[in-house]
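Okay, here's what each chain looks like letter by letter:
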Amino acid sequence: MGSWVRAAVMVLAMILLPVMVESKVRNYKFTAVMKNFTRLCASKAMVTIDGKFPGPTLYAREGDQVNVRLVNNVPYNITIHWHGIRQLRTGWSDGPAYITQCPIQPGANYTYSFNATGQRGTLLWHAHITWLRATVHGAIVILPKKGVPYPFPKPDHEKIIVLSEWWRSDADAVMNQWMQTGLPPNVSDAHTINGYPGPVPNCSTSTGYTLHVEPGKTYLLRIINAALNEELFFKIAKHQFTVVEVDACYVKPFKTDTIYIAPGQTTNALFTADQTPGKYVMAISPFMDTIVAIDNQTATATVRYKTTETFTPTTLTTLPAANATPATNSFIESLRSLNSAKYPALVPLKIDNSLLFVAGVGANNCSTCVNGSRVVAGINNVTFVMPDTALLQAHYYNLSGVYTTDFPGNPVTPYNYTGSNPLTNLQVTNGTKVYPLEFNSTVQVVMQGNSVIAPESHPIHLHGFNFFVVGKGLGNFDPVNDPKKFNLVDPVERNTLNIPTAGWTAIRFRADNPGVWFLHCHLEVHTTWGLKMVFLVENGKGPNESIIPPPKDLPTC
Ligand code: C2O
């Protein structure tokens, strides 16, 4: 071999070797076990992973292969969803029960295997069956590849902040109440910060979480809203945040003293312990700008400066009112993709599938229910009915009779979605309907809220993809004028959007991931009522454009 060839090989090896060595296989074992927490004053043991609440954190680096063996030692069926992980071609590991897999039964186990390709940041994992995610959830931290810095000043420390809500009774019982009465289920009894509610009425053992900080140091908070049904405001008294990432996508940094975060969303924010050493309240409270009942409890934690001094008393923080819509708007409107050379915003400019999804809550007749009707929800007047075998298997093995491919891409009978409406406009039909998409086609979905029963904001999550939020507005979407105002340059990229109350939000994505992908409201109560649908993305023709074969241990129904 000539010396120049040898030199070239050496150079190539120097470039490739670190990349090859760097990707690791990370093996985790999660065991579902029952556990009772006195700090929560729960009436009985709850379902947890490894006896922890919140559950264990999953760490990986961008590009790593992650395997999680889930062992089910609880008397409930379980599945786990890795919320925001793209699951490129690995839909079998996505997790929603009866969508991509049959549940893991008591005593059984299943290994989820996926790759953290092209992603870095904070995500969450959670149970994806009935209401188990109330207590079965935790953080996913994907660090950048070795040697790749954050596109913002390196923090001194990183902390995970998981926000949640809990019920004294078990969450499944809360859901079953709707089944029987047709009425909305009870709101939660408290909110929690890293599993601690802070002081709670009628629970003397309840305490608050403490975040210890060193004066002058900067912290990266990885904030996760793992609550079932409530959008939240998050604040630390006297301190400002710099938001740098949402849903594991970098954003142009901006400053704020209030973070607005809906269930399923994550926010990375820097804050510096730059105040007089002391104790400062960290607090969360719910956002709800309409008449729907909420859990009004504020959960508190403490940011405590590490010093030898005795501390000044806790400084209280003022949270926005529950109906502070402007605070949510200013947060959402500040979000922009970083859109740098290294992290470009690849917004689809030409659209193959232009869809309008009208989402909302309505009511159906129900003779056995308390008011003669049952609260239901749907998209384009379809309430999604869960199948009793997993859709992905049905698709892969060509089983007929499990789903139909006629989900309406637009409302069948258009009406004034945000006007006052007769209930007949939300007479829903039931069905397990999917919307087919060709591999690599581009999609625009305008998610339009309706006001049939009450206008309400909805956090909508799409599995299997990130999307760009290109526009939002109030009232009915105007297909002629609104697209002219779309941001196609640096719109925020994420996996969970917010439909504003009595308004709409438009997203765009490329259907580059074959499989069946759930789209649903991340308020679990609305998902239960049927506010969900499924995209079926066909295989492509190229070598790496098909779903991989199912794993051997995939549960059966
Ligand atoms: Cu985080 Cu389908 O959910």
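*Asks:* I'd like to hear about the pairing of strand 18 (residues 279-287), residue by residue, with values.
*Replies:* Each regular strand shows side chains that alternate between the opposite faces of the sheet. Among the nine residues in strand 18, eight count as buried, and that is most of the element. Sheet topology note: the strand 13 (residues 231-236)/strand 18 ladder contains six bridges and is antiparallel. Its bridge partner being in strand 18, E231 is matched across the sheet by F287. One ladder, built from six bridges, connects strand 18 with strand 19 (residues 299-305); its direction is antiparallel. Bridge pairing in strand 19 links K279 to R304.

*Asks:* Describe the state of the cysteines, with residues and values.
*Replies:* Under the counting rule described, the total for this entry stands at two disulfides. Disulfide pairing is shown between C102 and C557; the S-S distance is 2.0 Å. One disulfide, between C102 and C557, carries an S-S torsion of -100° and so falls in the left-handed class. One end of the pair, C102, is in the loop between strand 5 (80-83) and strand 6 (109-115); the other, C557, is in the segment after strand 32 (532-537), and 455 residues separate them in sequence. Sulfur-sulfur distance for the disulfide between C366 and C369 comes to 2.0 Å. One disulfide, between C366 and C369, carries an S-S torsion of 75° and so falls in the right-handed class. Both residues of the pair, C366 and C369, count as buried.

*Asks:* Run through the packing of aromatic side chains, naming residues and quoting values.
*Replies:* By the definition in use, this model includes 33 aromatic pairs. An angle of 20° between the planes, with centres 6.4 Å apart, marks the rings of F477 and F486 as stacked. Accessibility assignment for this pair places F477 and F486 in one class, buried. The structure contains a cluster of three or more aromatic residues connected by ring pairs, namely Y28, F30, W82, Y110, Y112, F114 and W125. Here the guanidinium or amino end of R39 rests over the ring plane of Y196, the centre of that ring lying 4.2 Å away.

*Asks:* Residue-level account of the environment of L338, with values.
*Replies:* One can find L338 in the loop between helix 3 (325-334) and strand 20 (353-365). Along the backbone, L338 and F384 are 46 residues apart, and their C-alpha atoms lie at a distance of 36 Å. Setting aside chain neighbours within four positions, we find L338 in contact with P151, Y250, V251, K252, P253 and Y343.

*Asks:* A description of the domain arrangement of the protein should follow, citing residues and the corresponding values.
*Replies:* Taken domain by domain, the protein holds domain 1 (20-143), domain 2 (157-333) and domain 3 (353-545). On a C-alpha basis, the centres of domain 2 and domain 3 stand 28 Å from each other. The partner domain 3 presents 30 residues to the 33 residues of domain 2 that form the contact. Both faces combined, the contact of domain 2 with domain 3 buries some 2,500 Å², and carbon together with sulfur accounts for 55% of it. Summed over the three residues of domain 2 that lose the most area to domain 3, namely W178, D247 and Q265, the buried surface amounts to 20% of that side. The interface formed by domain 2 and domain 3 includes three salt bridges. A salt bridge links D247 to R494, with the shortest nitrogen-to-oxygen separation between them at 3.0 Å.

Definitions and limits used
Residues numbered from 1 in each chain as written. Predicted model: local features only at pLDDT ≥ 70, side-chain atom pairs only at ≥ 80, totals over all residues. Heavy atoms only, no water. Buried < 20%, exposed > 50% of the residue type's maximum accessible area, 1.4 Å probe, protein only. Helix = DSSP H or I, 4+ residues; strand = E, 2+ residues; numbered from the N terminus. Pairing = 2+ DSSP bridges. Disulfide = S-S within 2.5 Å. Phe/Tyr/Trp six-rings, centres within 6.5 Å; stacked < 30°, edge-to-face > 60°. Lys NZ or Arg CZ within 6 Å of the ring centre and 35° of its normal. Contact = heavy atoms within 4.5 Å. Domains from an automatic or database assignment. Buried area = accessible area lost by both parts, 1.4 Å probe. Salt bridge = Lys/Arg side-chain N within 4 Å of Asp/Glu carboxyl O.

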